[in-house]
Amino acid sequence: MQIDAHMVAQVAKLAHLKLSSEEIVYYQNHLESILGYVQQLDKMAQSQQVATGESEIQSEREDVRRPSVGAEQAVIQAPDSSGTFFQVPRIIE
Amino acid sequence: MSSTKISSLSAKAIVSGLASRSFALDDVIATFVERTKKVCPALNSHVFFSEEVISKQVDALKKTSNPESYPLFGVPVLVKDNICTMDMPTTCGSKILAGYVPQYDATVISRLRNAGAVIFGKTNQDEFAMGSSNENSAYGPVKNPWDLERVPGGSSGGSAAAVAAELVPVALGSDTGGSIRQPASFCGVVGLKPTYGAVSRYGLVAYGSSLDCIGPITRSVEDAAMVFDVISGHDPKDATSLHSGSREIPNSEAMVSKKRIGVISELIGTGNDLDTTHSFKEAVLELKALGAVVEEVSLPEIEYSIAMYYLIATAEASSNLARFDGIRFGHRSSDPTQSLKELYLNSRSEGFGKEVKQRIMLGTFALSSGYYDAYYGKALNAREQLKSAVKRLFSQYDFLISPTSPTTAFKIGEKIADPLSMYLSDIGTIAANLAGIPAISIPCGMSESRLPIGLQIMAPWNQETSLLQLAGIYEKKLKWSERYKPNV
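Along each chain, residue indices are assigned from 1 in the same order as the chain's sequence is written. For naming, the first written chain is A and the first written ligand is 1, with later ones following in the order written. Per-residue local features of the predicted model are confined to residues with pLDDT of at least 70, and side-chain atom pairs are confined, for both listing and counting, to 80 or more; whole-chain, interface and lining totals are unaffected and use all residues. To get the side-chain values, take all heavy atoms of the structure and skip hydrogens and water.

Chemist: Explanation requested: the sheet that holds strand E8 (residues 293–297) of chain B in the structure shown.
Modeler: Adjacent strands of a sheet pair through backbone hydrogen bonds, lying either parallel or antiparallel. Residue and element names in this part refer to chain B. Each pair of strands is called paired provided DSSP finds at least two bridges between the two strands. A run of H or I in DSSP becomes a helix once it reaches four residues, and a run of E becomes a strand once it reaches two; helices and strands are each numbered from the N terminus. Across the sheet, eleven strands lie side by side as E1-E3-E2-E4-E6-E5-E10-E11-E9-E7-E8; this open sheet has mixed pairing. Since the sheet does not close on itself, it has two edges, and those belong to strand E1 (46–48) and E8, each with one partner. When strand polarity is set aside, the average angle formed by the axes of neighbouring strands in this sheet is 30°. Note that strand E10 (residues 439–446) and strand E11 (residues 452–458) share seven bridges and pair antiparallel. When the sheet's bridge partners are listed, Ile-442 is paired in E11 with Leu-455. For every element, the axis is a line fit to its C-alpha atoms; helices are fit only across the contacting stretch, and the angle between N-to-C directions ranges from 0 to 180 degrees.

Right under this line is the structure:
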């Protein structure tokens, strides 16, 4: 699979990553080599079974109210907070 | 007892020594604290170590009225830095979580504390558990205690190096594609990856959620079993947690007799180095001498396991690591003029390392519109076929074995520029994660250049008891850890 710089930039955008032009070249080479390797899966006969990737073990909890960590504790590790709120840059001018 | 002797003791010997008053809790703690201060700088095995935090735990332990009822009373345990601890930072070896202290303990940590263990610090690792050499840590590479110019393996490299160097008798690691077993093999210690779901992942920072497992790294199989017994069991906080009972380990050699063991032929080929091939053949002879029926079996799907893994694990990682956005915790970019969107981009780009960005992008690509079916969907389908093939093999065999890794520990810097070559070093371990079966690595030999070699034993789902029995019997026969020790 051929990966060009535009495609790397597009994937980085989807992944919320900002890349320098040197990084784009670096990842272009690496992704091309890795995606070339994983294409060997084409050689495996595909079964008709549809795989969902969901775990076979899924236990459900009872729907009961439990105490949670609380707002004061929740913001304690925030890089920027105001009272019990997370602080973010202004969105509406 | 001298401090040198205490540092060599197993967890079991420490518990019984304390119970019989052969030595005091303060002697044990002082021994391991002094040894850590002396050896740790050369290995770079720790990312957090605090005598104050240790003292607080010891003071609390001293107040307990019946120490004999605690199965790990006074045992120092190190913890990989992707497992949440509320009295120590949890950074995952990443800049993006520098200084982050969780508000809660992971379930495995609560269980260890309730069993009387002393959490002795946090170990260095590949960033977010992404790596096979421990060179991808934001806090520098870990060195292998057998040869300081070589890697300890990864991603639980700090845990394996610390146990091998007798800085603790027990450490916890996590294993998504071999991250407990491969470093255990490189460092000459025991590493157990349990059945998927046997040990709660509540409080483990997620990498590949359908693959991640927490397990013990120790210097004996018996200690691995003791720790597994404490940390395993159902946890309502983890929706993928299994119900399981207690496990005792009989030492009878008769258990091996007539057991059917399959050697995976695809993992004993030309890709292995000569020392590994030789030691593995010796291990097969030893198992036959114990009465097992050992024969080659074919698992052709395993040749595709790395391709499956690097699509499934990275797809899951790209989703799991989306939570690191610089808002709720972790690193935030400091530019005061940035918009909200720029804050996300800058915080993530400044905080994540090279390999993590690569895997996030690989996973994002595999899940993206137009490529999902051709990559991620195909990998899921292949994984189901691998699982079915493993199930078929276990209908004929009690265990499957292989070398844990195709080579011994490689030099620092040797593979870092070529990700594919690094990924290929995990060929022996990944299938157990994809299938969800338990697997253990135990030392089985030594290379000519005095580097440890590991034997991997895999068992059917939830068969940790028989897996640990076989590994324990083999270990007692070989007496590897009595013959070899690193010079650190």
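After presenting the structure, the write-up continues.
Chemist: It is not clear to me how the interface of chain A and chain B should be interpreted in this structure. Could you clarify?
Modeler: Interface size is often expressed as the accessible area that is lost when the parts come together. Note on contacts: a residue pair is in contact if any heavy atoms of the two residues lie within 4.5 Å. Contacts between chain A and chain B engage 53 residues on the former and 62 residues on the latter. Buried area is calculated as the accessible area (1.4 Å probe) missing from two parts once they are joined, with the contributions of both summed. Interface area for chain A against chain B, summed over the two sides, is near 5,200 Å², with a carbon-plus-sulfur share of 64%. The partner of A:Asp42 in a salt bridge is B:Lys378, with the nearest N and O atoms 2.7 Å apart. Pairing of N or O atoms within 3.5 Å defines a polar contact, subject to two protein rules: one partner must be a possible hydrogen donor and the other a possible acceptor, and residues neighboring in sequence count only if both atoms are side-chain atoms. Linking chain A with chain B are 13 residue pairs in polar contact (both at pLDDT 80 or more), by the criterion used here. Elements that contribute at least two residues to the side of chain A that touches chain B include exactly helix H1 (5–14), helix H2 (21–38) and helix H3 (71–74) of chain A. Per-element tally for the side of chain A that touches chain B: the top contributor is H2(A), with ten residues. Amino acids are sorted into nonpolar (Ala, Val, Leu, Ile, Met, Phe, Trp, Tyr, Cys and Pro), charged (Asp, Glu, Lys and Arg) and polar (every other residue, Gly among them). When the residues that make up the side of chain A that touches chain B are grouped by side-chain class, the tally is 30 nonpolar, 16 polar and seven charged. Any carboxyl oxygen of Asp or Glu that lies within 4 Å of a side-chain nitrogen of Lys or Arg is treated as forming a salt bridge with it.

Chemist: Sorry, what's going on with the nonpolar core here?
Modeler: Within soluble globular proteins, side chains that are nonpolar tend to cluster in buried spots. By nonpolar core is meant a set of buried Ala, Val, Leu, Ile, Met, Phe, Trp, Tyr and Cys residues that side-chain atoms within 4.5 Å join together. Relative accessibility thresholds used throughout: buried, under 20% of the residue-type maximum; exposed, over 50%; partly exposed, between the two (1.4 Å probe, protein chains only). Among the nonpolar cores identified, the biggest contains 98 residues, and B:Leu112, B:Ile401 and B:Ile457 are the most heavily contacted of them. For B:Ile401, the residues in contact, after removing those within four places along its chain, are B:Ile261, B:Gly262, B:Val263, B:Ile264, B:Phe280, B:Val284, B:Leu287, B:Val294, B:Leu455, B:Gln456 and B:Ile457. Among the nonpolar cores identified, the runner-up in size contains 75 residues, and A:Met44, B:Ile360, B:Ala366 and B:Ala431 belong to it.

Chemist: Please clarify how the pairing of E10(B) should be interpreted in this entry.
Modeler: Two faces, one strand: in a regular strand the side chains alternate between the faces of the sheet. All names here are of chain B. With respect to burial, E10 is a largely interior element, eight of its eight residues being buried. Bridge analysis of strand E5 (residues 190–193) against E10 gives three bridges, and the strand direction is antiparallel. If you follow Lys-193 over to E10, its bridge partner there is Ala-439.

Chemist: Would you mind showing me how to read the state of the cysteines here?
Modeler: Defined simply, a disulfide is a covalent bond joining two cysteines at their sulfur atoms. All names here are of chain B. Cysteine sulfur atoms are paired as a disulfide whenever they fall within 2.5 Å. What the rule picks out here adds up to zero disulfides over all chains. With no disulfide partner, Cys-40 has as its closest neighbouring cysteine sulfur the one in Cys-187, 14 Å distant. Left without a disulfide partner, Cys-84 is nearest to the cysteine sulfur of Cys-92, which lies 7.4 Å away.

Chemist: Whenever I open this one, the layout of surface pockets confuses me. Can you help?
Modeler: Rolled over the atoms, a probe sized like a water molecule indicates the empty space that remains. As defined here, a cavity is a set of points on a 1 Å grid over the protein atoms alone where a 1.4 Å probe fits but cannot get out. A pocket is an open set with protein on both sides within 12 Å along at least five of seven lines, and residues line them when an atom is within 4 Å of a point. Grid points are joined across faces, edges and corners, and a volume is the space filled by probe spheres set on the points. Taken as a whole, the largest pocket holds about 830 Å³ of empty space. B:Cys84, B:Tyr104, B:Tyr202, B:Gly203 and B:Arg323 are, among the 30 residues lining the largest pocket, the residues nearest its centre.

Chemist: Teacher, can you tell me more about empty space enclosed by the protein here?
Modeler: All names here are of chain B. Scanning all chains against the criterion turns up two cavities of 30 Å³ or more. For the largest cavity, the calculated volume is near 60 Å³. As for the largest cavity, its lining consists of Ala-129, Gly-131, Ser-132, Gly-154, Gly-177, Gly-178, Ser-179, Tyr-309, Tyr-310, Arg-359 and Asp-426. A breakdown of the residues in the lining of the largest cavity according to their chemical character gives three nonpolar, six polar and two charged. By volume, the second largest cavity is sized at about 30 Å³. In terms of lining, the second largest cavity is formed by Ile-264, Leu-299, Ile-302, Val-390, Leu-400, Ala-431, Ile-437 and Met-458. Taken together, the residues of the lining of the second largest cavity break down into eight nonpolar, no polar and no charged.

Chemist: Got a minute to help me understand the side chain of B:Asn136 in this structure?
Modeler: Residue and element names in this part refer to chain B. Tracing the sequence through the fold places Asn-136 in the loop between strand E3 (118–123) and helix H6 (157–164). A relative accessible area of 18% means that Asn-136 is categorised as buried. In this view, Asn-136 contacts Gly-93, Asp-126, Glu-127, Met-130, Gly-131, Glu-355 and Ile-416; residues no more than four positions away in its chain are not counted.

Chemist: So what exactly am I meant to see when it comes to the environment of B:Gly208 here?
Modeler: Residue and element names in this part refer to chain B. With respect to the helices and strands, Gly-208 occurs in the loop between E5 and strand E6 (213–218). The exposure class assigned to Gly-208 is buried, which follows from its relative accessible area of 0%. Note: C-alpha distance between Gly-208 and Ala-315 (107 residues apart in sequence) is 7.9 Å. If we skip the residues at most four places from it in the chain, Gly-208 touches Thr-176, Ala-313, Glu-316 and Asn-320.

Chemist: Looking at this structure, how should I read the pattern of salt bridges?
Modeler: Residue and element names in this part refer to chain B. Taken as a whole and assessed by the stated rule, the structure comprises 19 salt bridges over all chains. Between Glu-384 and Lys-387 there is a salt bridge; the shortest N-O distance is 3.7 Å. In this pair, Glu-384 and Lys-387 are both assigned in helix H13 (residues 373–394), three residues apart and thus about one turn of the helix distant. Here Glu-384 matches Lys-387 in class, with each residue buried. Three or more residues joined by partner-sharing salt bridges are found here, namely Glu-34, Lys-37 and Glu-51.

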